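As a plain string of letters, each chain reads:
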Amino acid sequence: MSMTKTLGEFIVECQSEYPDATGALSSLFSSIRLAAKVVNREINKAGLVDITGAAGAENVQGEQQQKLDIYANDKFKSALQARGEVCGIASEEEDKYVNFEGNSQDGDYVVLMDPLDGSSNIDVNVSVGTIFSIYRRVSAKGQPVTDEDFLQPGNKQVAAGYVIYGSSTMLVYTTGNGVNGFTYDPSLGVFCLSHPNMTTPEDGNIYSVNEGNYVHFPEGVKKYIKYCQEEDVATHRPYTSRYIGSLVSDFHRNLIKGGIYLYPTSSSHPNGKLRLLYECNPIAFLAEQAGGKAVASPGQRILDLKPGELHERTPFIVGSTKMVEKVEEFLAD
Ligand code: AHG
Ligand code: MN
Ligand code: MN
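Counting restarts for each chain: residues are numbered from 1 in the order of the written sequence. Here the convention is simple: chains get letters from A, ligands get numbers from 1, in the order in which they are written. Totals for whole chains, interfaces and linings use every residue, but because this is a predicted model, local features are given only for residues with pLDDT of at least 70 and side-chain atom pairs only at 80 or more, for both listing and counting. Side-chain measures were taken over the full set of non-hydrogen atoms in the model, leaving aside hydrogen atoms and water.

### Remarks on the pattern of salt bridges
1) Next: Any carboxyl oxygen of Asp or Glu within 4 Å of a side-chain nitrogen of Lys or Arg constitutes a salt bridge here. Within this structure, the stated rule accounts for 15 salt bridges.
2) Next: Note that Glu 325 and Lys 293 form a salt bridge whose closest N and O atoms lie 3.8 Å from each other. Placement of Glu 325 in helix 8 (residues 321–332) and of Lys 293 in strand 14 (residues 293–297) is noted, with a sequence separation of 32 residues between them.
3) Next: Accessible area is worked out with a 1.4 Å probe on protein chains only. A residue is then buried under 20% of its type maximum, exposed over 50%, and partly exposed in between. Taking relative accessible area as the criterion, Lys 293 reaches 23% and is therefore assigned partly exposed.
4) Next: Here Asp 304 ties to Arg 301 by a salt bridge, and the two come within 3.0 Å at their closest N and O atoms.
5) Next: Residues participating in the shared-partner salt-bridge network are Glu 92, Arg 275 and Glu 279. Think of it this way: any DSSP run of H or I at least four residues long counts as a helix, any run of E at least two long counts as a strand, and we number them from the N terminus.

### Describing the layout of surface pockets
To find the voids left in a structure, one rolls a probe of water-molecule size over its atoms.
1) Next: Within this scheme a cavity is a closed region of a 1 Å grid, computed over the protein atoms alone, that accommodates a 1.4 Å probe without allowing it to escape, whereas a pocket is open but has protein on both sides within 12 Å along at least five of seven lines; lining residues each have an atom within 4 Å of a point. Grid points are joined across faces, edges and corners, and a volume is the space filled by probe spheres set on the points. Within this model, the largest pocket holds a volume of roughly 530 Å³.
2) Next: Lining the largest pocket are 23 residues, and of these Gln 15, Tyr 18, Ala 21, Leu 25 and Thr 175 lie nearest its centre.
3) Next: Put simply, the parts of the chain that give the lining of the largest pocket at least two residues each are helix 1 (7–16), helix 2 (24–44) and strand 8 (169–174).
4) Next: Here the lining of the largest pocket is composed, by residue class, of 11 nonpolar, nine polar and three charged. Each residue receives one of three labels: charged for Asp, Glu, Lys and Arg, nonpolar for Ala, Val, Leu, Ile, Met, Phe, Trp, Tyr, Cys and Pro, and polar for the others, Gly being one of them.

### Brief notes about the domain arrangement of the protein
1) Next: When its domains are assigned, the protein resolves into domain 1 (7–195) and domain 2 (206–332).
2) Next: Computed from C-alpha coordinates alone, the two centres of domain 1 and domain 2 are separated by 23 Å.
3) Next: Residue contacts follow a heavy-atom distance rule, with two residues in contact if any of their heavy atoms lie within 4.5 Å. Counting residues at the interface gives 48 residues for domain 1 and 32 residues for domain 2.
4) Next: Summing both sides of the interface, domain 1 and domain 2 together bury roughly 2800 Å²; the carbon and sulfur share of this comes to 63%.
5) Next: At the junction of domain 1 with domain 2, the criterion picks out one salt bridge.
6) Next: Residue Arg 275 is joined to Glu 92 by a salt bridge in which the shortest nitrogen-to-oxygen separation is 3.2 Å.
7) Next: In the analysis that follows, any N or O atom pair within 3.5 Å is treated as a polar contact, provided that within protein one partner can donate a hydrogen and the other can accept it, and provided that, for residues neighboring in sequence, both atoms belong to side chains. Counting the contacts that link domain 1 with domain 2 gives 16 residue pairs in polar contact (both at pLDDT 80 or more).
8) Next: Among the secondary structure elements, those contributing two or more residues to the side of domain 1 that touches domain 2 are strand 3 (86–91), strand 5 (109–117), strand 6 (128–136), strand 7 (159–165) and strand 8.
9) Next: In terms of residue class, the side of domain 1 that touches domain 2 is built from 23 nonpolar, 18 polar and seven charged. Domain delimitation follows an automatic or database domain assignment. Take the accessible area each of two parts loses on contact, using a 1.4 Å probe, and add the two losses: that sum is the buried area.

### Notes on the coordination of the manganese ion (ligand 2)
Each donor-metal-donor angle would ideally measure 109.5 degrees in four-coordinate tetrahedral geometry, or 90 or 180 degrees in six-coordinate octahedral geometry.
1) Next: Water is absent from the atoms considered, so a metal site may look incomplete; donors are defined as N, O and S atoms within 2.8 Å of the metal, or 3.2 Å for Na, K and Ca. For the manganese ion (ligand 2), the protein coordination sphere consists of Asp 114 (OD), Asp 117 (OD) and Glu 279 (OE), at 1.9 to 2.2 Å.
2) Next: Along the chain, the residues that donate to the manganese ion (ligand 2) are spaced as D-x2-D-x161-E.
3) Next: Separation of the manganese ion (ligand 2) from the manganese ion (ligand 3) amounts to 3.8 Å, with Asp 114 serving as a shared donor to the pair.

### Some remarks on the sheet that holds strand 11 (residues 206–208)
1) Next: Following DSSP output, two strands are said to pair if at least two bridges run between them. Ordered by their spatial adjacency, six strands build an open sheet running 12-11-13-16-14-15, and the pairing between neighbours is mixed. Two strands close off the open sheet at either side, each with one partner strand: strand 12 (240–241) and strand 15 (300–301).
2) Next: With three bridges connecting them, strand 14 and strand 16 (residues 316–319) associate as antiparallel partners. In the sheet register, Ala 294 faces strand 16, and the bridge partner there is Val 318.
3) Next: Packing of helix 8 onto the sheet brings it into contact with strand 11, strand 13 (260–263), strand 14 and strand 16, and relative to strand 14 it is tilted by some 15 degrees. Note on geometry: axes are C-alpha line fits, over the in-contact stretch for helices, and angles between N-to-C directions span 0 to 180 degrees.

As structure tokens, then:
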């Protein structure tokens, strides 16, 4: 009987291809894998125990924190601290970056994360996710982490990925050498390689945008939405509209099927809504590694943006290359 490769085996195999690899990144991934399992277990109990709903506090961005936002943040934070590879983290749920003291001060990596993406969907049993982004520190080893460690452009990411807690739970990641997806087998407690070398279609027919904000969108986006809705047999229009409201879930579907996700500027969100460092950069890295494209505006690659602050927002257009290019045309007009 042939067994599917597990995430652990896959990581060891990839590491052996790099003779200079120290194993630190593999160890870091073990922390992420463990935290993902713990959060997955808790999410599966939502509705049975008192873990849904608001926690009663707001994060630094003025958003209601859900109980599971805080739970997921704590679990990922402590898992990442435990192995000494990570010297500090930044999170949607933390006002400032967090310096890991003690042995971790010698760690080579910083991690930026959205511990629970789409958390408003938890109470209604809709897929949510965790997004992570990994960089090599630029500050001196043995010293506390600094702003510069976290405010690196996305093109410096060493690895990035997400966990999607959906009808099945998956971990999808890249280290800059393609994208691989692993599905969690709860009976064995392991992630198994189910989606090797994921690539996204060059073109697609799904568009994902919160159309309730239509009236607030820039003219170019309004015109693009109308373009998606027009009838044209040659280009398979009208397209299909799909919007879950969890970036991870919307992106994951479009990655597999081909499509585009937009969270543009609007009069209510002048800089867009999504956060550059722990939502857009990791998703953009995955998109590009799968053959797709991610921009903030026409010609402005997400991964080349120089971040100014930790919780900075950016407009975000990501998905199948031809679809993103079409939006760029509309926005440039
Ligand atoms: P988070 O739950 O981490 O705050 O992220 C929510 C984000 C993203 O997941 C989603 O695509 C977007 O907010 C939905 O926003 P709207 O409800 O404005 O469409
Ligand atoms: Mn999010
Ligand atoms: Mn979140």
